[in-house]
Amino acid sequence: MSSKSVLGCIRRHFKGGSTTQRRVPSHHPTVSLGGRNPTEGLLPSLALPIPFLYIHHTFEPDRPCHSFKQFSRSMRAMQRFHQEDRGWADVPLSFVVGSEGYIYEGRGWHHLGNHTRGQNPYGYGVAFIGNYSSFLPSRHALDLVRQHLAKCAVDGGRLQANFTLHGHRQLVDTSCPGDALYSEIRGWEHFGVRDCSVL
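Here the structure is a predicted model, which is why all the values come from computation and not from measurement.

For the chain, the count of helices and strands is 5 helices and 6 strands. When its helices and strands are written in sequence order, the chain yields α-α-β-β-α-β-β-β-α-β-α. For the chain, buried positions account for 51% of its 199 residues. A separation of at least 24 residues holds for 73% of the contacts in the chain among residues at least 6 apart in sequence.

Here's what the structure looks like:
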């Protein structure tokens, strides 16, 4: 699914009551934010459709992005860190979501991420910008992932219709995606019970 078809899919499924809720969220690939191309040539491809969706928070930056300027600055910093400090090809996540409804494409629908140790071939890693240990992302951002991004993935044949959603902490010994966000996603459809201590 191309950048345009991701946005088109979200437009088709995005509905809301208030002016804020009706705003169509934008999808931005790395280079459109002033970022770089992946550094290691072609990234390995995923075998689609995949069965899992993994929810993360970025932790750093710890505050949500409330403007496109903040959002693009945070994404460029995240990309620089992973490419320069870790030597990775690109941002490790499939998608990153800002509080104002912007979606950043990291590895995207087709390429293997580096977001959930031991589980990357089986799921998309989607992160909310911010530290959600004690408060939640905006309702707009939550609904964008819960109701629209997942549906786009299923409708496009990228995610299995009976997919399972996990918080990062269920698969790896980490506090991610934060206590508040983890508590929220436990009530979402497709949430699956799994404890990293039994892996």
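Here we take up the side chain of Glu184. By the element assignment, Glu184 lies in helix α5 (residues 179-185). For Glu184, a relative accessible area of 17% puts it in the buried group. Leave out the neighbours within four places in its chain, and Glu184 touches Leu136, Arg139, Leu142 and Arg146.

All told, the structure shown has 5 aromatic pairs when counted by the stated rule. Geometrically, the ring pair formed by Phe52 and Tyr54 is stacked, given 5.9 Å between the ring centres and 15° between the ring planes. A residue is classified by how much of its surface remains accessible, and Tyr54, at 0% relative accessible area, is buried.

Moving on, we get to the nonpolar core. Ranked by size, the top nonpolar core spans 27 residues in total, and within it Phe128, Leu165 and Ile185 carry the most contacts. Among the elements of the structure, β2 (50-57), β3 (95-97), β5 (123-128), α4 (139-155), β6 (159-167) and α5 are those that each provide at least two residues to this core. Residues within four places of Ile185 in sequence aside, it is in contact with Ile55, Leu165, His166, Gly167, Pro177 and Phe191. If you look at the next biggest cluster of nonpolar residues, it comprises 8 residues, including Met75, Met78, Val91 and Tyr104.

On average, the chain scores 77 in pLDDT, and the residues at 70 or more come to 69%. Within the model, the stretch residues 1-8 combines pLDDT values under 50 with 16 contacts to residues more than four positions away or in other chains. Scored below 50 in pLDDT, residues 10-34 makes 64 contacts in the model with residues more than four places away or belonging to other chains.

With respect to the helices and strands, Gly123 occurs in strand β5. The class of Gly123 is buried, set by a relative accessible area of 2%. Residues Gly123 and Leu46, 77 residues apart in the sequence, show an inter-C-alpha distance of 8.9 Å. If we skip the residues at most four places from it in the chain, Gly123 touches Ile50, Phe52, Tyr54 and His115.

This part covers α4. When the terminal C-alpha atoms of α4 are compared, their 23 Å separation across 17 residues agrees well with the 24 Å that a helix rising 1.5 Å per residue should span. All buried positions along α4 are accounted for by His140, Ala141, Leu142, Asp143, Leu144, Val145, His148, Leu149, Ala150, Cys152 and Ala153. Directly beyond the C-terminal end of α4, a positive phi value near 75° is found at Gly157.

What follows is about the pattern of salt bridges. By the definition in use, this model includes 4 salt bridges. Taking the shortest distance from any N to any O, the salt bridge between Asp143 and Arg139 comes out at 4.0 Å. Taken together, the positions of Asp143 and Arg139, both in helix α4 and 4 residues apart, correspond to about one turn of that helix. The salt bridge partner of Asp179 is Arg169, with a shortest N-O separation of 2.8 Å. Linking Asp179 in helix α5 with Arg169 in the loop between β6 and α5, this pair joins segments that are 10 residues apart in sequence. Within the structure, one salt-bridge network assembled from shared partners comprises Arg139, Asp143 and Glu184.

Attention shifts here to the pairing of β5. With 6 of 6 residues buried, β5 is to be regarded as a mostly interior element. Where burial is concerned, the two faces of β5 agree: the one with Gly123, Gly125 and Ala127 and the one with Tyr124, Val126 and Phe128 are both buried. The sheet contact formed by β2 and β5 spans 6 bridges and is parallel. When the bridges of β5 are listed, Leu53 appears paired with Tyr124.

Basis of the calculations
Residues numbered from 1 in each chain as written. Predicted model: local features only at pLDDT ≥ 70, side-chain atom pairs only at ≥ 80, totals over all residues. Heavy atoms only, no water. Helix = DSSP H or I, 4+ residues; strand = E, 2+ residues; numbered from the N terminus. Buried < 20%, exposed > 50% of the residue type's maximum accessible area, 1.4 Å probe, protein only. Contact = heavy atoms within 4.5 Å. Phe/Tyr/Trp six-rings, centres within 6.5 Å; stacked < 30°, edge-to-face > 60°. Core = buried A, V, L, I, M, F, W, Y, C linked by side-chain atoms within 4.5 Å. pLDDT = per-residue confidence, 0-100. Expected span 1.5 Å × (residues − 1). Salt bridge = Lys/Arg side-chain N within 4 Å of Asp/Glu carboxyl O. Pairing = 2+ DSSP bridges.

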